[in-house]
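Here is what each chain is made of, one letter per residue.
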Amino acid sequence: MIEPSIQHEQDKILNALRHRGSPFGLEIWLYDIATQSIIATPVDHTDELDDAAIHATVSRSQSGGDAAPFQHDDNHWVFPVALTDARDIGRCVAIATTTSRTPRHADMQEFSATLQSLLLDTVRDTARSDDFALAASDLSRELSESYERMSVVFQIGRSMTYSVSPIDFVVSTCEQILALLDFEWIAVQYFDRAATLGIRRRAPLTFGAFPADPMDFKRIVGDIVGPDGARPLCSILDLGEQPLADLMQSQVVINPIMHDELVIGMLCAGGKVGEGIEIDVTSHETQVLEVVAELVGVFQQNAFRFAVQQSMFNGTIGALSSAIDAKDPYTRGHSERVAYIGKQIAIQMGLSSDDVEHVYIAGLVHDVGKIGIPESVLCKAGPLTDDEWKMMKDHPQIGYEILKDIPQLEPMLPGVLHHHECWDGGGYPHKLIGDDIPPIARILAVADAFDAMSSDRAYRARRPRSVVLDIMRENDRGQWDQDVVDVFVNNVALHDYDEMIARQARVGDRFAA
């Protein structure tokens, strides 16, 4: 039985020969020398030229070599052409016969040479066409694979802007690469020097069918890098030549994750398979893994720098908040508590994580303008005069002017400037009404009023919790956005708030002593 692939090639060549010979009135036969059998006959074959004649023709053609044409009978001329080792069809003879348009016998040699060239060119053209089709298919596949790989690398690059931890970024990245490339496993091993970026993971992160003991893997990978943290010289470790490849029982690709010219981790992949068998890693795959390792290193450095900057920013905001509250012993901890209540309201209202953070920071700095108010006014036990009250009303605008040139605080400025606006338009500094008041300011107005009524002040004592909540529920003066009030009184738990008050009171007592 002929293999399907061989049969397919024979059919293609036969069809090409028939098409090329049709204008000359040729009928085409194919004869397999190895099996001494006819493998194709003309479409409209008759018994005038029988199988025995074909066998005899092959014999006359010197066991498959080209032979001179001969006249088989009064009706048929025969032209044997050897297709020795033709592409994927074995050693065959093409036998062309014709009953029409036959040249005179004297011209037969020239006609035969032309016919032989025609038939051989047909076979070569068919093979050439197959090569072109195969090359086009390979190119199409490579372009498709390259596009997929570049698409994944692009997606990984985009995800570097998201607020994720370095480990979460590595996990997401490795899962994408494992799905894209033909590796059975991928692993990332960090070393102790990664602690300089805040990464203190000792065990490897593994993905896919990881075939070895993680601690053995960690030890051997550490030996590859060495104590000096220098980049390894090779990126592909071959089975039988490298301990890590032997441990993993496959070729292993390694790519260092760098920081300050030192290796802080290693991205490894192995067990590459294709069509069920292990195959070598391609240059495309090594390039993808190299780019991914570099992206991981860049992300980790950027994430660490951002964390340091964020820590410094938060520390500065905290110090600024403490400086505000220190001017008035009666308001110690007020900004922190307003920030906490505002954050809880924002969470219960379903705001985004960024907006929740903006509310919190705005709460910490909402009274920064009081730095510009004399302590004699801030701490006055009795009623304020008109001039003193005017000075007090200036603190939102002063706070805004202090903070407006800090880019990171831009989203918080509306809260600082407008947290004393009233829903009915009776607030300050701009007497905004209703929806004209920024949402962040409406939230802080509720948080600020609740803490102010719940705290001792120089001019009055705190009010009971139940009284404060009743005042806010009734909202009879139209001071606050009722939707925000409802969220606060119905959904925000105050246990942590009470603990904050108790803790801050203990700190105040220590300072007083």
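Preceding block: the structure.
Just so it is clear, the structure is predicted and the values come from calculations on it, not from any experiment. Residues take numbers from 1 onward in each chain, read along the sequence in its written order. Local features are withheld for residues below a pLDDT of 70 in this predicted model, meaning they are given only at 70 or higher, and side-chain atom pairs are given and counted only at 80 or more; totals for whole chains, interfaces and linings count all residues. Heavy atoms throughout the structure, all of them, feed into the side-chain values; hydrogens and water do not.

1. Overview of the sheet that holds strand β7 (residues 205-208)
Pairing between sheet strands relies on hydrogen bonds along the backbone, with the strands arranged either parallel or antiparallel. The following threshold applies: Pairing between strands is defined by DSSP: at least two bridges between the two strands are required. The way it works is that DSSP assigns letters per residue, a run of H or I at least four long becomes a helix, a run of E at least two long becomes a strand, and they are numbered from the N terminus. The criterion used for residue contact is that any of the two residues' heavy atoms lie within 4.5 Å. Whenever a helix is involved, its axis is fitted only over the stretch in contact; in every case the axis is a line through C-alpha atoms, and angles between N-to-C directions fall within 0 to 180 degrees.
Taken in spatial order, the 5 strands line up as β7-β6-β10-β9-β8 in an open sheet, and their pairing is antiparallel. Each of the sheet's edge strands pairs with one partner strand only, and the pair in question is β7 and β8 (236-237). By the bridge criterion, 2 bridges tie β8 to strand β9 (residues 252-259) in an arrangement that is antiparallel. Residue pairing across strands places Ile-236 opposite Val-253, the latter belonging to β9. With respect to the sheet, helix α4 (residues 166-180) is in contact with β6 (185-190), β7 and β10 (262-270), its orientation differing from that of β7 by roughly 25°.

2. Section: a nonpolar patch on the surface
Formally: To count toward a patch, a residue needs a relative accessible area above 30% and no salt bridge. Like charges then connect within 9 Å, nonpolar side chains (Val, Leu, Ile, Met, Phe, Trp, Tyr) within 5 Å. Surface accessibility in these figures is a Shrake-Rupley result with a 1.4 Å probe; residues are shielded only by whichever protein chains are displayed. In what follows, salt bridge is the name for a side-chain nitrogen of Lys or Arg lying within 4 Å of a carboxyl oxygen of Asp or Glu.
A contiguous nonpolar surface patch, about 260 Å² in accessible area, is contributed by Phe-304, Val-308 and Met-312. Here Phe-304 shows up in helix α7 (residues 283-326).

3. Looking at the packing of aromatic side chains
Here is the rule we go by: Pairs were defined over the aromatic rings of Phe, Tyr and Trp, the Trp ring being its six-membered one, requiring ring centres within 6.5 Å. Orientation was assigned from the angle between planes: stacked under 30 degrees, edge-to-face over 60, tilted for the rest. The buried label applies to any residue whose accessible area, calculated with a 1.4 Å probe on protein chains only, is under 20% of its type's maximum; exposed applies above 50%, and partly exposed to all values in between.
The final tally for this structure, using the stated rule, is 7 aromatic pairs. Ring geometry for Phe-169 and Phe-299: centres 4.0 Å apart, planes at 20°, overall stacked. Pair noted here: Phe-169 is in helix α4 and Phe-299 is in helix α7, with a separation of 130 residues, a long-range link. For the pair shown, Phe-169 and Phe-299 are each scored as buried. Ring geometry for Phe-450 and Tyr-497: centres 5.3 Å apart, planes at 55°, overall tilted. Taken together, the positions of Phe-450 in helix α14 (residues 439-453) and Tyr-497 in helix α17 (residues 495-512) put the pair 47 residues apart, joining distant regions of the chain. As far as burial versus exposure is concerned, Phe-450 and Tyr-497 are alike and both buried.

4. Description of the pairing of β10
Burial of β10 is extensive: 8 of the 9 residues sit out of reach of the surface. Here β6 pairs with β10 via 6 bridges, running antiparallel. Bridge pairing in β10 links Val-188 to Leu-267. Both β9 and β10 contribute to a ladder of 8 bridges, which runs antiparallel. Among the inter-strand pairings, Pro-256 is bridged to a residue of β10, identified as Met-266. Counting the residues that bridge the hairpin from β9 to β10 gives 2 residues, and of these Asp-260 lies at a positive phi of roughly 55°.

5. Digging into the side chain of His-366
The line we're drawing: In the analysis that follows, any N or O atom pair within 3.5 Å is treated as a polar contact, provided that within protein one partner can donate a hydrogen and the other can accept it, and provided that, for residues neighboring in sequence, both atoms belong to side chains.
Tracing the backbone through its elements, the reader meets His-366 in the loop between α9 (353-365) and α10 (375-378). Looking at His-366, the relative accessible area reads 0%, which means it is buried. Among the polar contacts made by the side chain of His-366, one reaches the side chain of His-334 at a distance of 3.4 Å.

6. Some thoughts on the packing of α9 against α14
For the record, the criterion: Angle categories: roughly parallel below 35 degrees, roughly antiparallel above 145, roughly perpendicular from 65 to 115, and oblique for all the rest. Each crossing gets its hand from how the near helix is turned against the far one by less than a right angle, where anticlockwise is left-handed and clockwise is right-handed.
Interaxial distance between α9 and α14 falls to 10 Å at its minimum, and their mutual angle equals 55°. As judged from the angle between their axes, α9 and α14 are oblique. As α9 runs across α14, the sense of the crossing is right-handed. For the pair formed by α9 and α14, the contact residues are His-358, Val-359, Ala-362 and Gly-363 on the first element and Ile-440, Ile-443 and Leu-444 on the second.

7. Structural notes on the nonpolar core
Across soluble globular proteins, nonpolar side chains have a tendency to be buried as a group. Just so we agree on the cut-off: To define a nonpolar core, start from buried Ala, Val, Leu, Ile, Met, Phe, Trp, Tyr and Cys residues and group those joined through side-chain atoms within 4.5 Å.
Within the largest apolar cluster, 43 residues are counted, with the highest numbers of intra-cluster contacts made by Ile-341, Ile-345, Val-446, Phe-450, Met-472, Trp-480 and Phe-488. Looking at this core, the elements that each hand over two or more residues are α7, α8 (334-348), α9, α13 (413-418), α14, α15 (465-474), α16 (482-491) and α17. The biggest single contributor to this core is α14, with 9 residues. By size, the runner-up hydrophobic cluster in this structure holds 27 residues, among which are Phe-169, Leu-181, Leu-205 and Val-281.

8. Digging into the environment of Asp-192
Of note, Asp-192 is situated in the loop between β6 and β7. The class of Asp-192 is exposed, set by a relative accessible area of 59%. Along the backbone, Asp-192 and Gly-265 are 73 residues apart, and their C-alpha atoms lie at a distance of 8.9 Å. In terms of polar contacts, Asp-192 uses its side chain to reach the side chain of Arg-202, at 2.8 Å.

9. Here's the deal with the environment of Lys-218
Looking at the element boundaries, Lys-218 is found in helix α5 (residues 214-225). The partly exposed category is assigned to Lys-218, whose relative accessible area is 28%. For the pair Lys-218 and Arg-202, spaced 16 residues apart in the sequence, the C-alpha separation amounts to 8.4 Å. The contact partners of Lys-218, leaving out residues within four places of it in the chain, are Gln-189 and Arg-202.

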